[in-house]
Amino acid sequence: MSNTILVTGATGNVGSQVVQQLVASGIMPRVAVRSMNKAESLKKAGAEPVEMDLERPETVQSALTGVEKVFLVSPFVPNMVELTAILIETAKRANVQQIVKLSALAQPGIALSKWHSEMENAITSSGISFTFLRPNGFMQNFVNAMAETIKSDKAFYLNAGDGKVSFVDTRDIASVAVAALITSGHEGQSYTITGAEALSHAESASILSQVLGRTINYVDVPEDVVRQGMQGAGMPEPTVNALLELYASYKAGQAATVSPVVEQVTGKQPISFEQFAKDYAEVWQ
Ligand SMILES: NC(=O)c1ccc[n+]([C@@H]2O[C@H](COP(=O)([O-])OP(=O)(O)OC[C@H]3O[C@@H](n4cnc5c(N)ncnc54)[C@H](OP(=O)(O)O)[C@@H]3O)[C@@H](O)[C@H]2O)c1
């Protein structure tokens with residue numbers, strides 16, 4: 001049987017790290033890209049690009065042909081459950097042996113958790129062996145979602161109150177994913193993945209300030225302000241509502257849980273927020 005690993009979401013936060021770490025382990029993964037324009041750098045990095053757009057099922061079928069294992073990233077779009085179902089059904093037909101799925105921290109009563117849980121159930125029902133990765137909020141959100149105002153206003157804006165969040169570095173999530181893909185003993189496991197400590201957004205701002213040598217403020221703003229900002233950025237309404245629910249859960253302290261999984265699976269301490277800030281410092285300059 002082929003031992004090809006397909007990495008989806010290969011240009012994204014976690015998938016790009018999974019690709020790097022697989023290549024560093026001597027494995028050439030097949031990597032799914034929506035546009036072959038993005039393929040060149042992945043090819044140079046040692047991967048085998050293949051075109052795959054979940055909105056075009058025929059590309060999913062060809063991408064999965066001959067694949068043994070899939071690292072599955074569900075793009076955060078309103079039809080993520082339906083798109084993921086297409087991949088799971090196609091994987092079943094293609095005789096894929098294992099899916100390592102990027103999910104999210106399970107939290108009661110929020111849409112994001114419900115959607116990820118539906119996708120996990122579809123995998124379980126398919127009979128394909130699985131490992132579910134359920135990370136908390138990414139440290140890299142401070143890069144992708146907040147860098148602009150950190151640079152322009154020396155501040156970032158959210159409605160998360162004083163709630164603590166055990167942010168996790170995507171490099172650690174990728175390390176757990178790679179272990180699940182290339183070593184045994186992770187089949188049937190659901191891993192809650194967090195950093196080593198829970199921090200409020202004000203505490204994160206204080207660490208960023210120390211590392212960058214200038215004051216960065218966290219501004220706790222009303223939910224309506226955050227809603228308007230996301231709508232203004234063109235985000236679809238279901239996505240806006242799901243994120244506002246998530247931030248409300250942060251505020252309520254529901255994302256403060258700390259899990260030992262990174263160390264248990266990788267043998268390494270999770271990357272601290274301070275180390276993350278040092279590693280990405282130039283992004284906020
Ligand atoms: N951000 C967080 O704090 C957090 C926390 C826990 C869980 N999560 C979960 O993580 C997942 C997102 O992972 P991420 O942040 O690593 O991804 P990301 O950076 O948002 O990137 C999304 C990836 O999906 C690809 N993609 C988008 N639409 C596609 C389509 N129609 N067909 C095929 N590929 C498509 C993108 O490719 P292109 O380059 O072509 O756009 C990109 O590689 C979501 O399921 C989210 O719920 C996020």
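The preceding data block contains the structure.
The rules we used
Residues numbered from 1 in each chain as written. Predicted model: local features only at pLDDT ≥ 70, side-chain atom pairs only at ≥ 80, totals over all residues. Heavy atoms only, no water. Phe/Tyr/Trp six-rings, centres within 6.5 Å; stacked < 30°, edge-to-face > 60°. Helix = DSSP H or I, 4+ residues; strand = E, 2+ residues; numbered from the N terminus. Buried < 20%, exposed > 50% of the residue type's maximum accessible area, 1.4 Å probe, protein only. Core = buried A, V, L, I, M, F, W, Y, C linked by side-chain atoms within 4.5 Å. Contact = heavy atoms within 4.5 Å. Near = heavy atom within 4 Å. Polar contact = N/O pair within 3.5 Å; in protein donor to acceptor, adjacent residues only side chain to side chain. Areas by Shrake-Rupley, 256 points an atom, 1.4 Å probe, with all protein chains shown as cover. Pairing = 2+ DSSP bridges. Axes fitted to C-alpha atoms, helices over the stretch in contact; angles between N-to-C directions. Expected span 1.5 Å × (residues − 1).

**What about the packing of aromatic side chains?**
Both the distance between ring centres and the angle between the ring planes are used here to describe each pair of aromatic rings.
Line of reasoning, step 1. Under the definition given, this model contains 10 aromatic pairs.
Line of reasoning, step 2. For the pair F142 and F156, a centre-to-centre distance of 5.4 Å together with 85° between the ring planes defines the contact as edge-to-face. With F142 in helix α6 (residues 141-144) and F156 in strand β7 (residues 155-158), this pair connects stretches of sequence that are 14 residues apart. For the residue pair F142 and F156, the accessibility class agrees, reading buried in each case.
Line of reasoning, step 3. Cluster of aromatic residues (ring-pair linked, three or more members): F142, F156, F167, Y218, F273, F276, Y280 and W284.

**Considerations on unusual backbone geometry**
Line of reasoning, step 1. Notably, N95 is not glycine yet its phi reads approximately 65°, a positive angle.
Line of reasoning, step 2. Within the element layout of this structure, N95 appears in the loop between α4 (80-93) and β5 (98-102).
Line of reasoning, step 3. Judged by relative accessible area, N95 falls into the partly exposed class, the value being 48%.

**Things to note about the nonpolar core**
Within soluble globular proteins, side chains that are nonpolar generally end up buried alongside one another.
Line of reasoning, step 1. Among the nonpolar cores identified, the biggest contains 44 residues, and W115, F142, F156, L208, F273, F276 and W284 are the most heavily contacted of them.
Line of reasoning, step 2. Top contributing element to this core by residue count: helix α11 (residues 237-251), with 7 residues.
Line of reasoning, step 3. When near neighbours in sequence (up to four residues on either side) are disregarded, W284 contacts F142, V143, A147, I150, K151, L208, L212, R214, F276 and A277.
Line of reasoning, step 4. F71, L102, F138 and A179 belong to the second-largest nonpolar core, a separate cluster that totals 32 residues.

**What about the site of the ligand?**
Line of reasoning, step 1. As a matter of local geometry, the ligand sits amid 26 residues, with T11, N13, R34, K38 and S74 nearest to it.
Line of reasoning, step 2. A distance of 2.7 Å separates an oxygen atom of the ligand from a polar atom in the side chain of R34.
Line of reasoning, step 3. Isolated, the ligand exposes 930 Å² of accessible area, and the fraction of that covered by the protein chains is 82%.
Line of reasoning, step 4. Listing elements by their share of the shell around the ligand, those giving two or more residues are α1 (13-24) and α5 (111-126).

**Some points on the sheet that holds β5**
Line of reasoning, step 1. Reading across the sheet, the 7 strands line up as β3-β2-β1-β4-β5-β6-β8 and stay open at both edges, with parallel pairing between neighbours. This sheet does not close on itself; its edge strands, each paired only once, are β3 (48-51) and β8 (189-193). Neighbour to neighbour, the strand axes of the sheet diverge by 20° on average, direction disregarded.
Line of reasoning, step 2. Running over the sheet, α1 touches β1 (4-7), β2 (30-33), β4 (67-73) and β5 and is turned about 150° from β1.

**Here's the deal with α1**
Line of reasoning, step 1. Taking 1.5 Å per residue, 12 residues should reach 16 Å; α1 reaches 17 Å between its end C-alpha atoms and fits that length.
Line of reasoning, step 2. Three or more residues of α1 are buried, namely V14, G15, Q17, V18, V19 and L22.
Line of reasoning, step 3. Contact partners of the buried residues in α1: β1, β2, α2 (39-44), β4, β5 and α8 (170-182).
Line of reasoning, step 4. Residue G26 follows α1 closely and has a positive phi angle near 90°.

**A few points about the side chain of S74**
Line of reasoning, step 1. If you trace the backbone, S74 turns up in the loop between β4 and α4.
Line of reasoning, step 2. What makes S74 buried here is its relative accessible area of 8%.
Line of reasoning, step 3. Polar contacts involving the side chain of S74 include one to the side chain of T84, which spans 2.9 Å.
Line of reasoning, step 4. Apart from the residues lying within four places of it in its own chain, the contact partners of S74 are M80, T84, K101 and M119.

**Topic: the side chain of S103**
Line of reasoning, step 1. Relative to the helices and strands, S103 resides in the loop between β5 and α5.
Line of reasoning, step 2. Judged by relative accessible area, S103 falls into the buried class, the value being 6%.
Line of reasoning, step 3. In terms of polar contacts, S103 uses its side chain to reach the side chain of E120, at 2.7 Å.
Line of reasoning, step 4. Residues within four places of S103 in sequence aside, it is in contact with H116, E120, L133, R134 and P135.

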